[in-house]
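Next come the chains, spelled out residue by residue.
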Amino acid sequence: AQSVAQPEDQVNVAEGNPLTVKCTYSVSGNPYLFWYVQYPNRGLQFLLKYITGDNLVKGSYGFEAEFNKSQTSFHLKKPSALVSDSALYFCAVREGYNNNDMRFGAGTRLTVKP
Amino acid sequence: SAVISQKPSRDICQRGTSLTIQCQVDSQVTMMFWYRQQPGQSLTLIATANQGSEATYESGFVIDKFPISRPNLTFSTLTVSNMSPEDSSIYLCSVGSGQFNYGYTFGSGTRLTVV
């Protein structure tokens, strides 16, 4: 079955610095990869996805992620962090279109300090 | 993408009772999903609910504990039955979104505390 690993429980960055939130995945077929963000007392909000095509995908709020097949990674990045980016970030994977089971990573709490 | 209204947003319940969570979508959707997020943990899929058929439950979840209704293409309910403190979690409904339902849109969640 598909799985996702987010190796860092917590990421701290200073405002204005670049940020990276790491994600690696495991699937036997073609991966559909996603990033979601969860603010306190809120549901999950979709940030971006990789289905096929360009390895670099751009999403909401200036975030982007790079699909790396050889390293089975899909790291989330932003060139300049904002304090308002502080939240819980989840990476998720589906194994192809016919598989409805979206598996989530454990989550990474991002804290951006002014 | 679809807009999901989920209620209640939070509740505190006595052990042994049941709570029904409602999920209303502003458009017709084929697939609806129910997830559980236990404190400090990630999301776990409980079941997939398709209109006109019984829900499909994931390993570790059973219909007697989490009965689901899907009466039409815009609405679903999840009931947490005979609750215990271990059921304290955030419960989220979600629907396939975008073309081909690649990604999922989530409701704002129901924060359940069982005392």
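Concerning the state of the cysteines
Using the criterion set out here, one finds two disulfides over all chains in the structure. With a sulfur-sulfur separation of 2.0 Å, A:C23 is cross-linked through a disulfide to A:C91. Taking the torsion about the sulfur-sulfur bond, which here is approximately -60°, the covalent link between A:C23 and A:C91 counts as left-handed. Here the residue A:C23 occupies a position in the loop between strand 3 (19-21) and strand 4 (24-26), and A:C91 occupies one in strand 10 (residues 87-95), the gap between them amounting to 68 residues. On the accessibility criterion, A:C23 (0% relative accessible area) is buried. According to the relative accessible area criterion, A:C91 is buried, its value standing at 0%. Across a sulfur-sulfur distance of 2.0 Å, B:C23 and B:C93 are joined as a disulfide pair. In this structure, the disulfide formed by B:C23 and B:C93 twists by about 70° around the S-S bond and is classed as right-handed. Of the two residues, B:C23 is situated in strand 3 (residues 19-25) and B:C93 in strand 9 (residues 89-97); the sequence distance between them amounts to 70 residues. The residues B:C23 and B:C93 share a single accessibility class, namely buried. B:C13 carries a free sulfur, and the closest cysteine sulfur to it, the one in B:C93, is 17 Å from it.

Let's talk about the pattern of salt bridges
Evaluated as defined, the whole model comprises three salt bridges over all chains. Of the charged contacts in the structure, one is a salt bridge between A:K58 and A:E64, with a shortest N-O distance of 2.8 Å. Linking B:D87 and B:K65 is a salt bridge whose minimum nitrogen-to-oxygen distance equals 2.6 Å. In this pair, B:D87 sits in the loop between strand 8 (75-80) and strand 9 while B:K65 sits in the loop between strand 6 (56-57) and strand 7 (68-72), placing the two residues 22 residues apart along the sequence.

Overview of the interface of chain A and chain B
Residue-level contacts link 20 residues of chain A with 21 residues of chain B. Counting the surface lost from both chain A and chain B, the interface buries some 1600 Å², and carbon and sulfur atoms represent 53% of this. Along the contact surface separating chain A from chain B lie zero salt bridges. Counting only elements with at least two residues in the side of chain A that touches chain B, the list comes to strand 5 (31-38), strand 6 (44-50) and strand 10 of chain A. If one sorts the elements of the side of chain A that touches chain B by residue count, strand 5 of chain A sits on top with four residues. Residue composition of the side of chain A that touches chain B, by class: eleven nonpolar, five polar and four charged.

Let's talk about the environment of B:F106
For B:F106, the location among the structural elements is in strand 10 (residues 103-106). For the pair B:F106 and B:G52, spaced 54 residues apart in the sequence, the C-alpha separation amounts to 22 Å. When near neighbours in sequence (up to four residues on either side) are disregarded, B:F106 contacts A:Y36, A:L44, A:F104, B:I4, B:Y35, B:L43, B:L92, B:C93 and B:S94.

Focus: the packing of aromatic side chains
Evaluation of the coordinates by the stated rule reveals 13 aromatic pairs over all chains. Taken together, a centroid distance of 5.4 Å and an interplanar angle of 85° make the contact between A:Y36 and B:F106 edge-to-face. In this pair, A:Y36 is assigned in strand 5 and B:F106 in strand 10, connecting two distinct chains. As far as burial versus exposure is concerned, A:Y36 and B:F106 are alike and both buried. Taking the centre distance of 6.4 Å and the plane angle of 45° together, the rings of B:F66 and B:Y91 count as tilted. Of this pair, B:F66 sits in the loop between strand 6 and strand 7 while B:Y91 sits in strand 9, and the two are 25 residues apart along the sequence. Overall, the relative accessible area of 3% leaves B:F66 in the buried class. Chaining the aromatic ring pairs together yields one cluster made of A:F34, A:Y36, A:F46, A:F90, A:F104, B:Y35 and B:F106.

Definitions and cut-offs
- Residues numbered from 1 in each chain as written.
- Chains lettered and ligands numbered in written order.
- Predicted model: local features only at pLDDT ≥ 70, side-chain atom pairs only at ≥ 80, totals over all residues.
- Heavy atoms only, no water.
- Disulfide = S-S within 2.5 Å.
- Helix = DSSP H or I, 4+ residues; strand = E, 2+ residues; numbered from the N terminus.
- Buried < 20%, exposed > 50% of the residue type's maximum accessible area, 1.4 Å probe, protein only.
- Salt bridge = Lys/Arg side-chain N within 4 Å of Asp/Glu carboxyl O.
- Contact = heavy atoms within 4.5 Å.
- Buried area = accessible area lost by both parts, 1.4 Å probe.
- Nonpolar A, V, L, I, M, F, W, Y, C, P; charged D, E, K, R; others polar.
- Phe/Tyr/Trp six-rings, centres within 6.5 Å; stacked < 30°, edge-to-face > 60°.

These figures come from the coordinates and say nothing about function on their own.
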